[in-house]
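Results of the structural survey
Spelled out, the chains give:
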Amino acid sequence: MNNILKKINASKHIVVVAHINPDADTLGSASAIYTYILQLHKKVSFFCASKDIESKLKFIPWVDKIRFSFPNSADLAIVCDCASLSRVGVKVECDIINIDHHRSNNNYGLINLIEPNYISTTQIVYQLFSDNNIKINKKVATALYAGLLDDSDGFMSEKVDSAFFAIITQLIESGADYRACNKYLQHYISLAELRLKSLMFSNMQLFNDGQVVFFNVSDDDMKITGASLRECEGALEEGLYLPTAKVSFLLFEKSDLSIKGSLRSNSNFDVMLIAKEFNGGGHKTRAGFNIEKAESLEKIKNKILTIIDKEIKNG
């Protein structure tokens, strides 16, 4: 951690990076670090390659300062919550500090701070600040709280413990706008997402006596509803609300026939094992993968169902 602070102090233009299709954890951790570097009076930019950031995430401090082109003058990039450099969305040619909590992270940075046992990257950033007596102001507290709330599934993750709630208490005492975090991350929903949910649930399929929930979404579904890919996740996660469900998974078929897979599970089923079969990654209960070449969706679905069936029978 000290090496990270030394590298920041030695750099002239720092870019804090959130991954493509950003969520609250990548934006929250990047926002907190951006705030800290601003206080050092150093040149700093906030970068994300995705131009369409969900409205419900725009309450996170400094999201309005995000730039969508990577600055050529940067001599350091601090990449937050990216298991691989491909998640950045552009080629990064300067030195990299890699801060992440994914087990599948391949240590691509000059300096790597990887804590796979942490709930979120925001938790790692909190620890970095706490261990180095870096002041957590209202903006930092709100950004970190947002990532912790989102990546803990609304504090329902199996990793949530008394130490986790001690962090939450510290952030609230430091001025975190927890009401805004809960309002936007837990209750905000767009009209497009409502329409998409209706479509997804009407086409939902159940397998293994209701233990497996499957959703199939296409580009046409997105156009009809006006929704974004990230807005599929609400229905995907709600599939696990069924009392019999152990795994919920989604296959999104793009117009070029490439496929994006997203998987969710309860705490007893490791969906990252499935993601790895398709060169993907993630966490035990949340994982994903991309298949760039044209592939039969039915073939992919059946392969996943076979893996799940085997794991359910074995365990």
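Preceding block: the structure.
The present account deals with the structure reproduced in this document.

1. Here we look at the overall build of the protein chain
A count of helical and extended segments in the protein chain gives 11 helices and 11 strands. Here the C-alpha atoms of the protein chain give a radius of gyration of 19 Å, agreeing with the 20 Å that 2.2 N^0.38 yields for 315 residues. In terms of principal-axis extent, the alpha carbons of the protein chain reach across some 55 × 40 × 40 Å. The buried share of the protein chain, taken over its 315 residues, is 54%. For the protein chain, long-range pairs separated by at least 24 residues make up 62% of all intrachain contacts whose partners lie at least 6 apart in sequence. A total of about 14500 Å² of accessible surface is found on the protein chain, and carbon and sulfur atoms cover 46% of it. Looking at charge distribution, the protein chain has the averaged site of its 36 positive side-chain charges lying 5 Å from that of its 37 negative ones.

2. Looking at the pairing of strand E1 (residues 13-18)
In terms of burial, E1 is largely enclosed, as 6 of its 6 residues are buried. Burial along E1 is two-sided: His-13, Val-15 and Val-17 and Ile-14, Val-16 and Ala-18, pointing in opposite directions, are all buried. In this structure, E1 lies alongside strand E2 (residues 43-48), joined through 6 bridges in parallel fashion. Along E2, the bridge assignment pairs Val-16 with Phe-46.

3. Focus on the sheet that holds strand E3 (residues 76-80)
Reading across the sheet, the 5 strands line up as E2-E1-E3-E4-E5 and stay open at both edges, with parallel pairing between neighbours. Each edge of the open sheet is held by one strand with a lone partner, namely E2 and strand E5 (111-114). The sheet shows a mean angle of 15 degrees between the axes of neighbouring strands, taken without regard to direction. Most of the contacts of helix H1 (residues 2-10) go to strand E4 (residues 95-100), to which it runs at about 140 degrees, and overall it touches E1, E3, E4 and E5. The sheet contacts of helix H3 (residues 121-131) involve E4 and E5, and relative to E4 the element is tilted by about 110 degrees.

4. Examining the packing of helix H4 (residues 138-151) against helix H5 (residues 162-173)
Running from N to C, H4 and H5 point in directions that differ by 150 degrees, and their axes come no closer than 9 Å. The orientation of H4 relative to H5 falls into the category roughly antiparallel. The element H4 and its partner H5 pack so that their crossing is left-handed. From H4, Ala-141, Leu-144, Tyr-145 and Leu-148 reach across to H5, where they touch Phe-164, Ile-167, Ile-168, Leu-171 and Ile-172. Here the contact of H4 with H5 is composed, by residue class, of 9 nonpolar, no polar and no charged.

5. Quick word on the nonpolar core
Counting residues in hydrophobic clusters, the biggest one holds 55 residues, and the most contacted among them are Ile-78 and Leu-171. Excluding its chain neighbours within four sequence positions, the residues that come into contact with Ile-78 are Ile-8, Ile-14, Val-15, Val-16, Val-17, Ile-33, Ile-37, Ile-97 and Ile-99. In this structure, Leu-251, Val-271, Met-272 and Leu-297 belong to the second largest nonpolar core, which totals 23 residues.

6. Regarding H4
When the terminal C-alpha atoms of H4 are compared, their 20 Å separation across 14 residues agrees well with the 20 Å that a helix rising 1.5 Å per residue should span. The buried fraction of H4 is high, at 12 of 14 residues. Listing the buried residues of H4 in full gives Val-140, Ala-141, Thr-142, Ala-143, Leu-144, Tyr-145, Ala-146, Gly-147, Leu-148, Leu-149, Asp-150 and Asp-151. Of the surrounding secondary structure, the elements contacted by the buried residues of H4 are helix H2 (24-39), H3, H5, helix H6 (178-187) and strand E11 (286-291). One side-chain oxygen at the N-terminal end of H4 lies 3.2 Å from the backbone nitrogen of Lys-139; it belongs to Asn-137. Once H4 ends, the next one or two residues include Asp-153, with phi positive near 55 degrees.

7. Considerations on the sheet that holds strand E6 (residues 205-207)
Read across the open sheet, the 6 strands follow the order E6-E7-E8-E9-E11-E10; overall the sheet is mixed. Each having just a single partner strand, E6 and strand E10 (281-282) make up the two edges of the open sheet. As paired strands, strand E7 (residues 212-218) and strand E8 (residues 247-253) are joined by 7 bridges and run parallel to one another. Paired with Phe-214 across the strands is Phe-249, a residue of E8. Together, E6, E7, E8, strand E9 (259-265) and E11 form the strand contacts of helix H11 (residues 297-314), whose direction differs from that of E8 by roughly 165 degrees.

Reading guide: rules and limits
- Residues numbered from 1 in each chain as written.
- Predicted model: local features only at pLDDT ≥ 70, side-chain atom pairs only at ≥ 80, totals over all residues.
- Heavy atoms only, no water.
- Helix = DSSP H or I, 4+ residues; strand = E, 2+ residues; numbered from the N terminus.
- Rg over C-alpha atoms; globule rule 2.2 N^0.38 Å.
- Buried < 20%, exposed > 50% of the residue type's maximum accessible area, 1.4 Å probe, protein only.
- Contact = heavy atoms within 4.5 Å.
- Areas by Shrake-Rupley, 256 points an atom, 1.4 Å probe, with all protein chains shown as cover.
- Lys, Arg positive; Asp, Glu negative; His and termini not counted.
- Charge placed at Lys NZ, Arg CZ, Asp CG, Glu CD.
- Pairing = 2+ DSSP bridges.
- Axes fitted to C-alpha atoms, helices over the stretch in contact; angles between N-to-C directions.
- Parallel < 35°, antiparallel > 145°, perpendicular 65-115°, else oblique.
- Left-handed = near helix turned anticlockwise from the far one by under 90°.
- Nonpolar A, V, L, I, M, F, W, Y, C, P; charged D, E, K, R; others polar.
- Core = buried A, V, L, I, M, F, W, Y, C linked by side-chain atoms within 4.5 Å.
- Expected span 1.5 Å × (residues − 1).
- Polar contact = N/O pair within 3.5 Å; in protein donor to acceptor, adjacent residues only side chain to side chain.

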